[in-house]
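An overview of the molecular structure
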Amino acid sequence: MPQALPIFVFDKDGVLVESEPIKLRLFEELLAQEYAEHLPAIRAFNRANVGLARRDKLMHVLGEIVGIKEGLEGEVDRLLDDSYHFIKEGLLKAPPVAGVVPFIQESENEKYVCSSALYPEVLDQLGAIHLEDAFAEVYAFPNRKANVLTKLKEEHPGQPIIFWGDTILDFRAAVAADVHFIGVRKPDSNPFDDLGVHTIPDFQDHRAIHEWVATQAGL
């Protein structure tokens, strides 16, 4: 009996779509409307924590940088809701990562999205790159990536899980869940240097990706 194909799991920002720079900039622009005096510190924290869920970013920014003590949760929830509408138009213009659309369309593996972005944002962007029907399930905030990967591993015993991510947080989630990881590096940065992580620049070389998966997943 042939072994079942590995399960493919994809982060969204920086893996499916080139949206991370857009999100970083628009997050800062949103907060600058009300907290301009804190913008340098906000920008530094934002850029140092790429991939962190937006609500977690807002909790730190508003609680630790701005210093809100009363009504912090309410203010975070307000800005979280505002952020979806504020960045939506810009995000929908983000192009797919090179080669990812045909790679997903041509791969017979069961596929999932596991993102820390807001669920409506994930659906919007999947629709914009015409992949809205390509995945068995879409997981997004408030789901935690390590928990999702663990859940998928339990639901598919005997099938290797391959998780694609572009941040150290993605890598840590894969390690916590004990699943295979492929890092998607960018031309100007590779957060996985010296970690022994297999990386790809994009999804254009389908054959090489499938060969690595076959080798590492023991197929």
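To be clear, the structure that these remarks concern was listed above.
In what follows, the accompanying structure is described. Numbering of residues starts from 1 in each chain and follows the order in which that chain's sequence is written. Local features in this predicted model are restricted to residues of pLDDT 70 or higher, and side-chain atom pairs are both shown and tallied only at a pLDDT of 80 or more, whereas totals for entire chains, interfaces and linings draw on every residue. Hydrogen atoms and water are omitted, and side-chain values are computed over all heavy atoms in the structure.

1. Re the packing of aromatic side chains
The aromatic pairing rule takes the rings of Phe, Tyr and Trp, using the six-membered ring of Trp, and pairs them if the centres are within 6.5 Å, calling planes under 30 degrees apart stacked, those over 60 edge-to-face and the rest tilted. Applying the stated criterion across every chain, the model contains 13 aromatic pairs. On the numbers, 5.9 Å between centres and 10 degrees between planes, the contact of Phe-8 with Phe-103 is stacked. Note that Phe-8 is positioned in strand E1 (residues 7–10) and Phe-103 in helix H5 (residues 100–106), a separation of 95 residues in sequence. Pair check on accessibility: Phe-8 and Phe-103 agree, each one buried. Grouped by ring-pair contacts, the aromatic residues Phe-8, Phe-10, Phe-103, Phe-135, Trp-164 and Phe-203 constitute a single cluster. Seen from the ring of Phe-27, Lys-57 lies directly overhead, with NZ or CZ sitting 5.6 Å from the centre. Each helix corresponds to a stretch of at least 4 residues labelled H or I by DSSP, and each strand to a stretch of at least 2 residues labelled E; elements are numbered beginning at the N terminus. Relative accessibility decides the category of a residue: with a 1.4 Å probe and only protein chains considered, values under 20% of the type maximum give buried, values over 50% give exposed, and everything between is partly exposed. By definition, being over a ring means that NZ of Lys or CZ of Arg is both within 6 Å of the ring centre and within 35 degrees of the ring normal.

2. Observations concerning the pairing of strand E2 (residues 111–118)
Burial runs high along E2: eight of the eight residues are buried. Two strands qualify as a pair provided DSSP detects at least 2 bridges between them. In this sheet, E2 lies alongside E1 in parallel orientation, the contact comprising three bridges. When the sheet's bridge partners are listed, Phe-10 is paired in E2 with Val-113. Both E2 and strand E3 (residues 137–141) contribute to a ladder of four bridges, which runs parallel.

3. Examining the packing of helix H1 (residues 20–35) against helix H3 (residues 54–66)
Fitted lines through C-alpha atoms serve as axes, helices being fitted only where they are in contact, and the angles separating the N-to-C directions of these axes extend from 0 to 180 degrees. Interhelical geometry of H1 versus H3 gives an angle of 35 degrees and a closest axis separation of 13 Å. Crossing of H1 against H3: the hand is right-handed. Every residue of H3 that contacts H1 at Lys-23, Leu-24, Phe-27, Leu-31 and Tyr-35 is listed here: Arg-54, Lys-57, Leu-58, Val-61, Leu-62 and Val-66. The residue inventory of the contact of H1 with H3, partitioned by class, reads eight nonpolar, no polar and three charged. Handedness of a helix crossing follows the sense of rotation of the near helix relative to the far helix, less than a right angle counterclockwise being left-handed and clockwise being right-handed. The contact rule is simple, with two residues in contact once any of their heavy atoms fall within 4.5 Å. The classification used treats Ala, Val, Leu, Ile, Met, Phe, Trp, Tyr, Cys and Pro as nonpolar, Asp, Glu, Lys and Arg as charged, and all other residues, Gly among them, as polar.

Worth remembering: the numbers are spatial, not functional.
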